[in-house]
Amino acid sequence: MTDAQPKHARRVLIASANPLFGKGLRKIYGERWGKEAVEFELASSMGETLARLESWQPELVIVDYDDRTIHREEFLSVFITGERPMQVVLVSLQASGAVVVYDRRTLTPAQAEDWLNLPWQPESQPEIPSRSSQMKGSAKHFIFAGLVVAASTALIYLLLTNIGILPVEASVQAATIDRLFNVHWFMIALLFSLIVGFMVYSLVVFRSKPGEKQEGAYIKGNNRLEVIWTIIPLGTVIAFSFFGARNLAETRTADPQALNVKVTAFQWGWSFEYPDFGVTSRDLYLPVDRQVLLSLTSRDVIHSFWVPEFRVKQDALPGANLVKQLRITPTRTGDYQVLCAELCGGSHAYMTAPVHVVAKADFESWIAEQVGATLTDPVARGEKWAQTNGCTSCHSLDGSKLVGPTWKGLYGEQVALADGTTVTADDAYLTKSILDPNAQVSKGFPPNVMPSTYGSLLTPDQVKDIIEFIKTVK
Ligand code: HEC
Ligand SMILES: [Cu+2]
């Protein structure tokens, strides 16, 4: 602020037939000083200009040098050479020519200020802070914003690790996976806080104050910042790939004492075979604290074996030589569930099987029970074959209609076939239905849905056992 502040607004007359010319100039002045400092009049012809000069007594006349209707030569001879108290400026859009004073396209407010001989600093102009105080100011902001980020990271990390996003950790392998998860929760909390923390801090602290009209600084690129925000994420991602590879290897550590279980996936169920005991089951029984080596195959499409509490997951692929292995060491007794983690068809979501992690003694007595049943009772065996071969995922035992007809009360009944005939459901019919399901299709059910491969999957004794079981479903 200086004491040369004028008592009245400066009067500026703009002479041009083109309204855009005056508009552009007024914008330059208006941005800088506002209405109070400068008053404008527009004149669009020579006669008008001369009249205003007399009546209004402007302090500055800005003439459109390119406008033929305004006689610029006359201005030169009359006003500049004459003894008038006003200043005349010729402004051209063409940067070349004899009397070009300013090129309007490159005209700056500072130049316009010179013409008016305005010595004062407009009031809205903030004081430009010195570089060192600017540095101190930004260091202060970085410290405060950094505190916001640190607090938010801690809070979100605590939240993520305490609201129980993950199911219980029930295997040795799960502990390895969860270590990695833990680092991920931290990264998620940190990245979220870095972005949102700085953004919210800036929105609150640097918001425009009432009456502030200036544009923000135009900042184009910042090489140092760009290098930093490339190198740090790159290093982080590479570090994570190392952690990931190391942890994956750790989950695959083999124990020679592992229990062998063959897992067969099919649309839509699971079957578990314990080859060392000759036992097959629809439930997966596992002794606690002993590693189990699962060998996975599929009877039809790709499925994926996944017990969330064990964390690890493995695809089961069709094809005898595509057996995949998965090692799990359960650490908590309890009941869990196998899920299929590969979209495999209509009932994918219901492709579950119970998992029971039991004490060593309980596991042994369960195995003994299974072996006994398999040895003595054909109905018990038949039920087992029906379950482990997936029959019961299409055939209900309670009368409800699934993909195939129910087995309830089937034996000895008259069955209506699709070709209009009827047949008695005796041993011969049932055997044929199992081995060659498309030979006689039951009325109201689709052909080619029941797999026609059971002839090679089941032994003749197993087929007999299944029929013995069907006889008992009443
Ligand atoms: C993918 C579903 C599916 C599976 C798995 C399946 N079936 Fe079927 N089954 C059907 C359908 C559909 C029919 C009816 C059409 C037909 O007769 O082919 C049928 C028909 C039958 C019939 C004739 C029943 C009647 O009322 O006439 C018998 C018996 C039978 N299946 C036994 C079995 C046995 C045993 C297994 C397992 C070894 C089995 N099915 C597995 C779908 C299935
Ligand atoms: Cu599946």
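Residues numbered from 1 in each chain as written. Chains lettered and ligands numbered in written order. Predicted model: local features only at pLDDT ≥ 70, side-chain atom pairs only at ≥ 80, totals over all residues. Heavy atoms only, no water.

At this site the copper ion (ligand 2) is bound by H303 (ND1), C340 (SG), C344 (SG) and M351 (SD), with donor distances of 2.0 to 2.6 Å. Read from N- to C-terminus, the donor residues coordinating the copper ion (ligand 2) fall into the pattern H-x36-C-x3-C-x6-M. Of this pair, H303 sits in strand 11 (residues 303–306) while M351 sits in the loop between strand 14 (334–340) and strand 15 (353–358); the two residues are 48 residues apart in sequence, bridging distant segments of the chain. Residue class for H303 comes out buried when judged on its relative accessible area of 0%. Using a relative accessible area of 0% as the deciding quantity, one classes M351 as buried. (Donors = N, O, S within 2.8 Å, 3.2 Å for Na, K, Ca; no water. Helix = DSSP H or I, 4+ residues; strand = E, 2+ residues; numbered from the N terminus. Buried < 20%, exposed > 50% of the residue type's maximum accessible area, 1.4 Å probe, protein only.)

Another point: the packing of aromatic side chains. Summed over all chains, the structure comprises eleven aromatic pairs. Taking the centre distance of 6.1 Å and the plane angle of 65° together, the rings of F142 and F198 count as edge-to-face. Pair noted here: F142 is in helix 5 (residues 131–162) and F198 is in helix 6 (residues 172–205), with a separation of 56 residues, a long-range link. Relative accessible area serves as the criterion here: at 29%, F198 is assigned to the partly exposed category. Ring geometry for Y274 and F363: centres 6.1 Å apart, planes at 50°, overall tilted. Note that Y274 is positioned in strand 7 (residues 269–274) and F363 in helix 8 (residues 360–376), a separation of 89 residues in sequence. Here Y274 falls in the buried class, since its relative accessible area comes to 0%. The lysine or arginine in question, K313, covers the ring of W306, its NZ or CZ lying 4.7 Å from the ring centre. Seen from the ring of F445, K401 lies directly overhead, with NZ or CZ sitting 4.9 Å from the centre. (Phe/Tyr/Trp six-rings, centres within 6.5 Å; stacked < 30°, edge-to-face > 60°. Lys NZ or Arg CZ within 6 Å of the ring centre and 35° of its normal.)

Here we take up the pairing of strand 9 (residues 284–287). Two faces make up the sheet, and in a regular strand the side chains alternate between them. Neither face of strand 9 is open: one carries L284 and L286, the other Y285 and P287, and all of them are buried. Looking at chain direction, strand 9 and strand 15 are connected through four bridges and run parallel. Each bridged residue has a counterpart across the sheet, and for P287 the counterpart in strand 15 is V358. (Pairing = 2+ DSSP bridges.)

Pairing is mixed in the open sheet, where five strands are placed in the order 9-15-14-11-12. Every other strand in the sheet has two partners, leaving strand 9 and strand 12 (313–316) as the edge strands with one partner each. Across this sheet, the average inter-strand angle for adjacent strands is 25°, counted without regard to direction. By the bridge criterion, two bridges tie strand 11 to strand 14 in an arrangement that is antiparallel. Note on strand 14: the bridge partner recorded for F305 is C340. (Axes fitted to C-alpha atoms, helices over the stretch in contact; angles between N-to-C directions.)

Let's shift gears to the packing of helix 10 (residues 427–435) against helix 12 (residues 460–472). Relative to each other, helix 10 and helix 12 sit at 120°, their axes nearing to 10 Å. Here helix 10 is positioned oblique relative to helix 12, judged by the angle of their axes. Viewed along their axes, helix 10 and helix 12 form a crossing whose handedness is right-handed. Only V463, I466, I467, I470 and K471 of helix 12 make contact with helix 10, whose side of the interface consists of D427, L430, T431, I434 and L435. The residue makeup of the contact of helix 10 with helix 12, split by class, is seven nonpolar, one polar and two charged. (Parallel < 35°, antiparallel > 145°, perpendicular 65-115°, else oblique. Left-handed = near helix turned anticlockwise from the far one by under 90°. Contact = heavy atoms within 4.5 Å. Nonpolar A, V, L, I, M, F, W, Y, C, P; charged D, E, K, R; others polar.)

Here N389 shows up in the loop between helix 9 (378–388) and strand 16 (414–416). According to the relative accessible area criterion, N389 is buried, its value standing at 10%. Reaching out from N389, the side chain makes a polar contact with the backbone oxygen of W385 at a distance of 2.8 Å. Filtering out sequence-adjacent residues up to four positions away, N389 remains in contact with F266, R299, Y454 and L458. (Polar contact = N/O pair within 3.5 Å; in protein donor to acceptor, adjacent residues only side chain to side chain.)

Across all of its chains, the model carries seven salt bridges by this definition. When the shortest N-O distance is used, the salt bridge between E250 and R179 registers 3.2 Å. Linking E250 in helix 7 (residues 223–251) with R179 in helix 6, this pair joins segments that are 71 residues apart in sequence. Residues joined in a network through salt bridges with shared partners are D427, E468 and K471. (Salt bridge = Lys/Arg side-chain N within 4 Å of Asp/Glu carboxyl O.)

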